[in-house]
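Spelled out, the chains give:
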Amino acid sequence: MVRMDRSLAARSPAGRQGKVPGAPLAAIAARLSSAAGSAWEALRSGLRAVAARRRLRIAAICMAIALPVLGGGWLLLRHSSLTAVEHVEISGARGPQASAIEAALKGAAKGMGTLDVSTAALRAAVARFPVVSEIRAIPKFPHGMRIVVGEQPAVASILTGGLRTAVVGNGIALGAGLANSSLPTVADDIAPALGATVRNSLVLEALKVLGAAPPALDKLASKAYFGPRGLTVAMQDGLLVYFGDAARPHAKWLSLARVLADKSSTGAIYVDVRLPGRPAAGFAPGTGPEASEQATAEAHQNSSESTVAALAAGLAAANPETKAKTEEEESEGGSEEASTTPHAIEGPGESNAEGSSGESSTTAGETAETEH
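Since the model is a prediction, treat every value here as computed from it, not as a measurement.

**Focus: the overall build of the protein chain**
Each helix and strand counted, the protein chain has nine helices and 13 strands in total. When each of the 372 residues of the protein chain is scored for burial, the buried share is 34%. Long-range pairs, those at least 24 residues apart, make up 59% of the contacts in the protein chain between residues at least 6 apart in sequence. Per element, the accessible surface of the protein chain, about 21100 Å² overall, is 57% carbon and sulfur.

Listed below in C-alpha cells is the structure:
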C-alpha cells in the first residue's frame, strides 16, 4: 500500500516539481493586466496629444483671424481723425526765415497723425532752408505735436562784387536773405548758390577760423583775408589778428584772449597767434608797455578800447565746448610751451612767429595786404 501511494503521488500533478495548481493562470492574468494598463496609458497619451494639437490649431486659427483685424484696426486708427495732428508747437527757428520755416513744418505736420509721424517728411518740407540742420518731432497723443528745429548759424558773409551771401562754418551757403552787416566778410570771386558749398580752399580756411570763435565774439570781427602773415582777421576796432592758417583755431582764439587779458597788451595794433603757445602783441612806436599810461591814453584816445576790452571778456568767457576743443588742440600741438604773457614787439613789422624782423610793415590803418 505504501508503494502504491508513492507511485500515485509521483503521478499526480501536484507532486511533480512542487507546482501549485492555478499558477499559470495567475501569471497570464498579470501579464494581461499589465498590457491593458500600458495600452490605456498609451491611449491617454494619444488623446492628450490630440487635444494639445487641437488647442494649438485653434490658437493658430484665432491668431490668423485676430492679426489682420488688429493690424487693420491699428492702420485705421493711425490714419483716422481720432489721432490727426491739430496743434503744432515749433521752437528753435530764428532769424528772417523763421516764419517761413514754421509755416512749412506746420503744413507738413497737419497731414500726419500722432501715431504716424514721419521725420523724413518734415525734413523734406524744410529742405529749401539750409540753415535748418536738425528736426526733432515729439507727438502728443491724441492731437498735438512739438517740433524742435536745430539751426546752423551764419559765421560770415561771402562778398562778391558788392553782393553778400551768408555762409556757415563748413562753407554751406545760406543765401543773401540771412546776410547782414554784423557778419564779418570774406571776399571770393564766385558767390555760392543757396545750399551749395564754397569751393575756394582759402575761403574755407577763413570760415573755419571764424566758426571757431566764441559766441561772444561773433559780431566783433570785421573781415578775414590772406596777407603776408597768412590768414588775418581784422576786428571792428582796427586790431589785426594773425592766425596764419586754420590749424588749431580754438587754441588760437584762446591765446588771443590771454594776450588781451594782459595789461601789457593795451594799445596793441596787432596780435600774432600763429604759434598759440607763443603769442605776440605788436605796438606802434612809442606806445608799447614802456610808454607811460598818459601817453598811451593820448595816442589812442580815439580808438575803441572798450571794444578790445569786450573782446577780451568774450574770449575769457568761452563756452565749455570751446574750452574742451582748445584743450584737445593743445594736446595735439606737441611740446610747444604755452606762455600767458605776450611777447611785446614795438613796431608792426616784427613777429616772434617768424623769428625775424624782415617782414613787411603793416599797421592797423593800412590795407596794403592783398585780399583774396
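**Details of the sheet that holds strand E1 (residues 87–91)**
Taken together, the three strands give an open sheet; going across it, the order is E1-E3-E2, and neighbouring strands pair in mixed fashion. Bordering the open sheet on either side are E1 and strand E2 (132–140), each of which pairs with just one other strand. For this sheet, the mean inter-axis angle between neighbouring strands, taken without regard to orientation, is 20 degrees. For E2 and strand E3 (residues 144–151), the ladder comprises eight bridges, and the chain directions are antiparallel. What sits directly across from Arg-136, in E3, is Val-148.

**A look at the environment of Pro-142**
Tracing the backbone shows Pro-142 in the loop between E2 and E3. As a C-alpha pair, Pro-142 and Thr-114 span 28 residues in sequence and 6.2 Å in three-dimensional space. With near-sequence residues (within four places) excluded, Pro-142 lies in contact with Leu-82, Thr-83, Ala-84 and Thr-114.

**A word on the nonpolar core**
Counting 34 residues, the largest nonpolar core has Val-186, Leu-207, Val-233 and Phe-243 as the members making the most contacts within it. With five residues, helix H5 (residues 201–211) is the single largest residue contributor to this core. Other than its neighbours up to four places away in sequence, Val-186 contacts Ala-156, Ser-157, Ile-158, Leu-159, Val-203, Ala-206, Leu-207, Leu-210 and Ala-224.

**Describing the pairing of strand E8 (residues 221–227)**
Relative to strand E9 (residues 230–235), E8 runs antiparallel, the two being bridged by six bridges. In the strand pairing of E9, Lys-223 is matched with Ala-234. Where E8 hands over to E9, the hairpin turn is made up of two residues, counted between the paired strands.

**Details of the packing of aromatic side chains**
Going through the model one piece at a time under the given rule, you end up with two aromatic pairs. With a centroid separation of 5.0 Å and 45 degrees between ring planes, the pair formed by Tyr-242 and Tyr-270 is classed as tilted. Taken together, the positions of Tyr-242 in strand E10 (residues 240–244) and Tyr-270 in strand E11 (residues 270–272) put the pair 28 residues apart, joining distant regions of the chain. For Tyr-270, a relative accessible area of 1% corresponds to the buried category. Above the ring of Tyr-270, the side-chain terminus of Arg-229 is found at 5.5 Å from the ring centroid.

**Some thoughts on the confidence of the model for the protein chain**
Looking at the protein chain, pLDDT values average 76 and 65% of them are 70 or higher. Of the regions scoring below 50 in pLDDT, residues 294–304 engages in seven contacts with residues more than four places distant in sequence or in other chains.

**A word on the side chain of Arg-274**
Mapped onto the elements, Arg-274 comes out in the loop between E11 and strand E12 (280–283). Looking at Arg-274, its side chain comes within polar contact range of the side chain of Asp-272, at 2.7 Å.

**With respect to the pattern of salt bridges**
As enumerated under the stated definition, the model contains three salt bridges in all. A salt bridge links Lys-252 to Asp-245; the nearest nitrogen and oxygen atoms lie 2.9 Å apart. Asp-245 gets classed as partly exposed once you look at its relative accessible area, which sits at 35%. Across the salt bridge formed by Arg-274 and Asp-272, the nearest N and O atoms sit 2.7 Å from each other.

**Side note on helix H3 (residues 98–109)**
Between its first and last C-alpha atoms H3 spans 16 Å; for twelve residues at 1.5 Å apiece the expected length is 16 Å, and the two agree. Within the sequence span of H3, burial applies to Ala-98, Ile-101, Ala-104, Leu-105 and Ala-109. Viewed along the axis of H3, the buried residues span an arc of 135 degrees, placing them on a single side of the element. Relative to its buried face, H3 has exposed residues pointing more than 90 degrees away, namely Ser-99, Ala-103 and Gly-107. Next to the buried residues of H3 lie E1, helix H4 (119–125), E2 and E3.

**Quick look at helix H6 (residues 249–261)**
Taking 1.5 Å per residue as the helical rise, H6 with its 13 residues ought to reach 18 Å, and the 18 Å between its terminal C-alpha atoms agrees with that figure. Along H6, the positions that sit buried rather than exposed are Pro-249, His-250, Ala-251, Lys-252, Trp-253, Ser-255, Leu-256, Ala-257, Val-259 and Leu-260.

**Re a nonpolar patch on the surface**
Where nonpolar side chains cluster on the molecular surface, the patch consists of Trp-40, Leu-43 and Leu-47 and spans about 340 Å² of accessible area. Mapped onto the elements, Leu-43 comes out in helix H2 (residues 23–78). On the basis of relative accessible area, Leu-43 is assigned to the partly exposed category, the value being 45%.

**Thoughts on the environment of Val-155**
Mapped onto the fold, Val-155 is located in the loop between E3 and strand E4 (156–160). Not counting residues within four places of it along the chain, the set of residues in contact with Val-155 comprises Val-167, Val-168, Gly-169, Leu-183, Pro-184, Leu-207, Leu-210 and Gly-211.

Parameters at a glance
- Residue numbers restart at each chain and count upward from 1, following the sequence in its written direction.
- It should be noted that, the model being predicted, local features are given only for residues of pLDDT at least 70 and side-chain atom pairs only at 80 or more, the latter also being counted only at that level, while totals for whole chains, interfaces and linings use all residues.
- Note: side-chain values were computed over all heavy atoms of the structure, leaving out hydrogens and water.
- Secondary structure elements follow DSSP: runs of H or I of four or more residues count as helices, runs of E of two or more count as strands, with numbering from the N terminus.
- Only protein chains enter the accessibility calculation, which uses a 1.4 Å probe. A residue is then buried if its area is under 20% of the maximum for its type, exposed if over 50%, and partly exposed in between.
- Throughout, a residue-residue contact means that at least one pair of heavy atoms, one from each residue, lies within 4.5 Å.
- In this description, accessible areas are obtained by the Shrake-Rupley approach with a 1.4 Å probe, and a residue is regarded as covered only by the protein chains that are shown.
- Any two strands with at least two DSSP-identified bridges between them are counted as paired.
- Interaxial angles span 0 to 180 degrees and are taken between N-to-C directions of axes, which are lines fitted to C-alpha atoms, for helices over the stretch in contact.
- The criterion is simple. A nonpolar core is a set of buried Ala, Val, Leu, Ile, Met, Phe, Trp, Tyr and Cys residues joined through side-chain atoms within 4.5 Å.
- By convention, a stacked pair of Phe, Tyr or Trp rings (six-membered ring in the case of Trp) has centres within 6.5 Å and planes under 30 degrees apart, an edge-to-face pair has planes over 60 apart, and any other such pair is tilted.
- Comment: the charge-over-ring label is applied if NZ (Lys) or CZ (Arg) is within 6 Å of the ring centre and within 35 degrees of the ring normal.
- A residue's pLDDT is simply how confident the predictor is in it, with values from 0 to 100.
- Under this definition, polar contacts are N or O atom pairs within 3.5 Å; protein pairs additionally need one hydrogen-donor-capable and one acceptor-capable atom, and for neighbouring residues in sequence, both atoms have to be side-chain atoms.
- We count a salt bridge whenever a side-chain nitrogen from Lys or Arg sits within 4 Å of a carboxyl oxygen from Asp or Glu.
- The span expected for a helix works out to 1.5 Å for each residue beyond the first.
- Each direction from the helix axis to a C-beta atom contributes to the arc, which is the arc of those directions.
- Exposure above 30% relative accessible area and no salt bridge define the residues that can form patches, which grow by joining like charges within 9 Å and nonpolar side chains of Val, Leu, Ile, Met, Phe, Trp and Tyr within 5 Å.

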